[in-house]
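Topology and contacts: notes
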Amino acid sequence: MLDFKKEDIATILVRYNVAMEKSMTPDEAAEQLYPKDALLKAVAVAIYEGEEDDVIDALDALLDAGKDPLKLIDEALLPGMAVVSSLYDQGIIFLPNVMMSADAMLEGIDYCKSKTKEIPEAKGTVLCHVAEGDVHDIGKNIVAALLRADGFEVIDLGRDVPVDEVVAKAAEAKPLMITGTALMTTTMYAFKEVNDKLVEKGLKIPFACGGGAVNQEFVESYSLGVYGEEAAEAAKFGNFILKNGPDIAKMRNEFHTH
């Protein structure tokens, strides 16, 4: 029989957010994070609820108030998605909620772009793919959606992508980061081949890898690898690179906590 002390049980409850969920609903937690301005809050609420039509209506109200369409991406849409990301990081909401919110946010971004002739500048380019031989692309699709929602341009190569195709596209596009996902243990070894061929070409690009078949120890076995346990970490990696440069050692020191 397992011998749990009272304080151990309390710790477990907090770790898995049971105590938090009992004291505060997701809606109540979100309410504390919304912008104070009523018009901006309406956008954030619509993104949190994953309601694309409501996002557009809320953006229209801001546009009618004279707001610049492109500035609304930074001032309304990104803060709204930040609420969702914060709740996800705390374990208050889960991945399906994030995906619905990301779709609503992307709809809002496209709408804002349609209201101006200016072309917004992306934070940077990220190359995404599923390992050669692997056709399971749900994880990759989530990563790509969350990166786009955070302002990155995504080159999505799809699933079952040959190693040489990944390397050739990386050489052509010079992305700030490459992501790879693998669900099958038989396919994850393609990541090391990608890594080695990138190094041969002198392309020292951070290579963020994750998926059901992948663990931190494996990713650390090749020089460019950075392990991502959750899809939401991809945007964090990208923002870290923008701030600190493509320093693999720094990224591992910051994110390899598993």
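As the structure is a computational prediction, the values presented were derived from the model and not from experiment. (Residues numbered from 1 in each chain as written. Predicted model: local features only at pLDDT ≥ 70, side-chain atom pairs only at ≥ 80, totals over all residues. Heavy atoms only, no water.)

Moving on, we come to the side chain of Thr187. Here Thr187 shows up in the loop between strand S3 (177–181) and helix H10 (190–200). Using a relative accessible area of 5% as the deciding quantity, one classes Thr187 as buried. Once you skip the residues sitting within four places of it in the chain, Thr187 turns out to touch Ala131, Glu132, Gly133, Asp134 and Ala182. (Helix = DSSP H or I, 4+ residues; strand = E, 2+ residues; numbered from the N terminus. Buried < 20%, exposed > 50% of the residue type's maximum accessible area, 1.4 Å probe, protein only. Contact = heavy atoms within 4.5 Å.)

Time to look at the packing of aromatic side chains. Considering all chains together, one arrives at seven aromatic pairs under this definition. Their ring planes at 75° and their centres at 6.3 Å tell us that Tyr34 and Tyr48 sit as a pair that is edge-to-face. Within this pair, whereas Tyr34 is found in the loop between helix H3 (26–31) and helix H4 (38–49), its partner Tyr48 is found in helix H4, the two being separated by 14 residues in sequence. Residues Phe191 and Phe207 carry aromatic rings whose centres are separated by 5.5 Å and whose planes lie at 85° to one another, so their mutual orientation is edge-to-face. Linking Phe191 in helix H10 with Phe207 in strand S4 (residues 207–210), this pair joins segments that are 16 residues apart in sequence. (Phe/Tyr/Trp six-rings, centres within 6.5 Å; stacked < 30°, edge-to-face > 60°.)

This part takes up unusual backbone geometry. Even without being a glycine, Asp160 presents a positive backbone phi close to 50°. Note on placement: Asp160 falls in the loop between strand S2 (153–156) and helix H9 (163–173). Positive phi outside glycine occurs at Lys174, with the angle close to 50°. Its location among the elements puts Lys174 in the loop between H9 and S3. On the basis of relative accessibility, which here comes to 54%, the residue Lys174 falls in the exposed class.

Next up on the list: the sheet that holds S4. In a beta sheet, neighbouring strands pair by backbone hydrogen bonds and run either parallel or antiparallel. The parallel open sheet is built from five strands, whose spatial order is S2-S1-S3-S4-S5. In this open sheet, the two edge strands, each paired with only one partner strand, are S2 and strand S5 (225–227). The mean inter-strand angle of the sheet, taken between neighbouring strand axes irrespective of direction, is 25°. Of the pairings in the sheet, the one linking strand S1 (residues 125–130) to S3 comprises five bridges and is parallel in character. Considered in S3, the bridge of His129 is made with Gly180. (Pairing = 2+ DSSP bridges. Axes fitted to C-alpha atoms, helices over the stretch in contact; angles between N-to-C directions.)

Tallying each qualifying case throughout the model produces six salt bridges. For Lys123, the salt bridge is made with Asp150, and the minimal N-O distance between the two is 2.9 Å. With Lys123 in the loop between helix H7 (95–114) and S1 and Asp150 in the loop between helix H8 (138–149) and S2, this pair connects stretches of sequence that are 27 residues apart. Overall, Lys123 belongs to the partly exposed group, its relative accessible area being 34%. When the shortest N-O distance is used, the salt bridge between Lys197 and Asp164 registers 2.6 Å. Residue Lys197 is located in helix H10, and its partner Asp164 is located in helix H9; the two are separated by 33 residues in the primary sequence. (Salt bridge = Lys/Arg side-chain N within 4 Å of Asp/Glu carboxyl O.)

Let's shift gears to the UniProt feature "domain: B12-binding" (unreviewed entry) in the chain. Feature annotation in UniProt assigns "domain: B12-binding" (unreviewed entry) to the following positions: residues 123–248. Strand forms 17% of residues 123–248 and helix 40%; the C-alpha atoms that close the span are 19 Å apart. (UniProt positions renumbered as here; feature names shortened; annotations may be inferred.)

This paragraph deals with the pairing of S1. With six of six residues buried, S1 is to be regarded as a mostly interior element. Burial along S1 is two-sided: Thr125, Leu127 and His129 facing one way and Val126, Cys128 and Val130 facing the other are all buried. For the crossover from S1 across H8 to S2, the handedness is right-handed. (Right-handed = clockwise from strand over helix to strand, strands pointing away.)

Bringing the packing of H9 against H10 into the picture now. Contact geometry of H9 with H10 gives a least axis separation of 9 Å together with a crossing angle of 40°. Taken together, the axes of H9 and H10 are oblique relative to one another. Helix-helix and strand crossings are classified by hand; for H9 and H10 the assignment is right-handed. Only Ala190, Glu193, Val194, Lys197 and Leu198 of H10 make contact with H9, whose side of the interface consists of Val163, Asp164, Val166, Val167 and Ala170. In terms of residue class, the contact of H9 with H10 is made up of seven nonpolar, no polar and three charged. (Parallel < 35°, antiparallel > 145°, perpendicular 65-115°, else oblique. Left-handed = near helix turned anticlockwise from the far one by under 90°. Nonpolar A, V, L, I, M, F, W, Y, C, P; charged D, E, K, R; others polar.)

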